[in-house]
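# Analysis of the macromolecular model
If you want the building blocks of each chain, they are given just below.
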Amino acid sequence: MSALGSAEELKRAGSDGDETAGIAALPDFVATARLPGRSVLADTDLTAAAIAGLLATAAWLKEQRRQGEPHPYLAGKTLGMIFQHPSTRTRNAFQAGMEQLGGHATFLGTHELQLTRGETLADTAAIMSRYVDGIAARFAIHDDLVQFAAGASVPVYNALTEVYHPIEALSDVLTLQERFGDLSRLRLAYVGDGNNVCHSLLLSGAAMGLSLAVASPVAYQPRTDVLANARALAAASGATITLTDDPLLAADGADAIYTDAHESMGEENDPAKEAALAPYRVTEAVMAAAKSAAVFMHCLPIHRGQEVDEAVVDGPRSIVFEQAENRLHMHKALLLLTMG
Ligand code: CP
Ligand code: NVA
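Residues numbered from 1 in each chain as written. Chains lettered and ligands numbered in written order. Predicted model: local features only at pLDDT ≥ 70, side-chain atom pairs only at ≥ 80, totals over all residues. Heavy atoms only, no water.

Residues separated by three or four positions in an α-helix point in the same direction, a consequence of the helix having 3.6 residues per turn. All buried positions along helix α7 (residues 142–151) are accounted for by His142, Leu145, Phe148, Ala149 and Gly151. Tucked into the core, α7 has its buried residues touching β1 (78–83), α6 (121–129), β3 (134–138) and β4 (156–158). (Buried < 20%, exposed > 50% of the residue type's maximum accessible area, 1.4 Å probe, protein only. Helix = DSSP H or I, 4+ residues; strand = E, 2+ residues; numbered from the N terminus. Contact = heavy atoms within 4.5 Å.)

This is how it looks when you write it as C-alpha cells:
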C-alpha cells in the first residue's frame, strides 16, 4: 500500500477548504478505484471491478477510523439527503460518514419539500444539485428515484426503494468478505420475502462470485427480471443462483443465512403476506441445516419472533451488528470514490 498523506496534511486539507489537497493524498489503490460522478440507483450500475474497489476502500477507511487517523478527503463537499421513509442506519451512516470525511450533510424529509405542493421530482433534483455535491435518496417507488435522478447533475445514491437496496448489499458483501475471505467459495441462503434487500443481495453478490439460494413462498419470490440479471452475473462470476420454496433446502450447507422483514415499509398490515411468510422464520432448525460455522445476517430493523427467532438473532452466530457497522464504512467508500 502506498504512503498516505500525513495526519497533519490531511488535517490541513480538512481545515483550509482545499479539497483537492485531500484527494491528492489518497493512496494509489483508492485513487485508481475512483468512480467520479457515478450514480448508484441499482446494483447493476456498478461493475464487479467497481464493487471490488468499493470493498477495498471501505476496508481501508474502516482501518483509518480504527487507528484514529483523520481522513477528511471530502472537505468542502456537501451531501444532500432526501428521505420518504424512516431510517436509522442509512441516514446515520451517510451523515456520520460525510462528517468523518470532512464534509457536511443536510437532511430533508420529502414531506418538508415543495414536492408536497406539486413541484416535480426532476426540478427538485436539478435545484438540489446547485447546492450539494451528491444526493442520497430513499423513495417508496423506484420509478420516482429514476425520475429524480434524471433531473440531477450530481451523483444520486439509492438509499432504498421497494426494488433495490444496493448499499445495504454492498455492506453485507463487505461483512461476508471480512468474516470468510474469498467470496467465491461461499453460499448465502436468503430465507423470506423476495424483496428489495433480496434483489440487491442477488445482484451484488452474484457479481462478486457469491452463490445464493433463495427460499420464498411462490407468491413472494424475487422479481423475474432481477433473477435473470443475477443469473447472467453469476454465469460471468462462476456463482450459482437457486430458487426454492423450502427454507431447509436453501439452508443446507450454507455459510450464511440471511433474512429480512416479512413486510417492508409501505406494505404493513397485509395478513395474506404475513400468513404466507410465517413458515419462513429463521429458527434454530434452519441454522442447524447450515454449516457449523455459518452466520446469521439481517439488514435490520429486526422483528424478533416474526422473520427470526430471538435465540438466533441474539445468539453467538449472529453478525447483525457487524453488518450495521459496515454500513458506515461502505457509505463512506461510495461517497469518497464518487464525490472525491
Ligand atoms: N437496513 C437499513 O437500511 O436500515 P434503515 O432503514 O434504518 O436505514
Ligand atoms: N425490506 C425492508 C428493508 C428495510 C431496511 C424495507 O424495505 O422496509
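Excluding glycine, residues mostly have negative phi values, and the peptide bonds linking residues are mostly trans. In this structure, the amide linkage connecting Leu300 to the following residue, Pro301, adopts the cis form with an omega of 5°. Along the chain, the position of Pro301 falls in the loop between β9 (295–298) and α14 (310–313). At Leu160, a residue that is not glycine, the phi angle is positive and equals roughly 125°. Residue position: Leu160 is located in the loop between β4 and α8 (166–180). Given the relative accessible area of 9%, Leu160 is considered buried. With relative accessibility at 12%, the residue Leu300 sits in the buried group.

Here the focus is the site of ligand 2. Taken together, Leu160, Asn195, Asn196, Val197, Asp260, Ser264, Met265 and Leu300 make up the full set of residues near ligand 2. Asn196 places a polar side-chain atom, nitrogen or oxygen, 2.8 Å from an oxygen atom of ligand 2. At 2.8 Å from an oxygen atom of ligand 2 is found a main-chain nitrogen or oxygen belonging to Met265. Considering only residue class, the shell around ligand 2 consists of four nonpolar, three polar and one charged. (Near = heavy atom within 4 Å. Polar contact = N/O pair within 3.5 Å; in protein donor to acceptor, adjacent residues only side chain to side chain. Nonpolar A, V, L, I, M, F, W, Y, C, P; charged D, E, K, R; others polar.)

This paragraph deals with the site of ligand 1. Every residue lining ligand 1 is accounted for by Ser87, Thr88, Arg89, Thr90, Arg138, His165, Glu168, Cys299, Leu300 and Arg327. Between ligand 1 and Cys299, the relevant distance is 2.9 Å, taken from a nitrogen atom to a main-chain nitrogen or oxygen of the residue. Between ligand 1 and Arg327 there is a distance of 3.2 Å, counted from a nitrogen atom to a side-chain nitrogen or oxygen. For the shell around ligand 1, the residue count by class is two nonpolar, four polar and four charged.

Take the packing of helix α4 (residues 48–66) against α8 next. At a closest axis distance of 10 Å, the pairing of α4 and α8 adopts a crossing angle of 70°. Between α4 and α8, the angle falls in the class roughly perpendicular. The way α4 lies across α8 gives a crossing that is right-handed. Residue-level contacts link Ile51, Leu54, Leu55, Ala58, Ala59 and Lys62 of α4 to Leu170, Val173, Leu174, Gln177 and Glu178 of α8. (Axes fitted to C-alpha atoms, helices over the stretch in contact; angles between N-to-C directions. Parallel < 35°, antiparallel > 145°, perpendicular 65-115°, else oblique. Left-handed = near helix turned anticlockwise from the far one by under 90°.)

Looking at the protein, the pLDDT average stands at 94 and 94% of residues meet or exceed 70. Confidence drops under a pLDDT of 50 for residues 1–21, and excluding neighbours within four residues, the segment shows 27 contacts in the predicted structure. (pLDDT = per-residue confidence, 0-100.)

In this section: the packing of α8 against helix α9 (residues 196–207). Orientation of α8 relative to α9, taken along the N-to-C sense of each, is 50°, at an axis distance of 8 Å. With respect to α9, the element α8 is oriented oblique. Considering only the axes of α8 and α9, their crossing is right-handed. Contact residues: α8 offers Pro166, Ala169, Leu170, Asp172 and Val173, while α9 offers Ser200, Leu201, Ser204 and Gly205.

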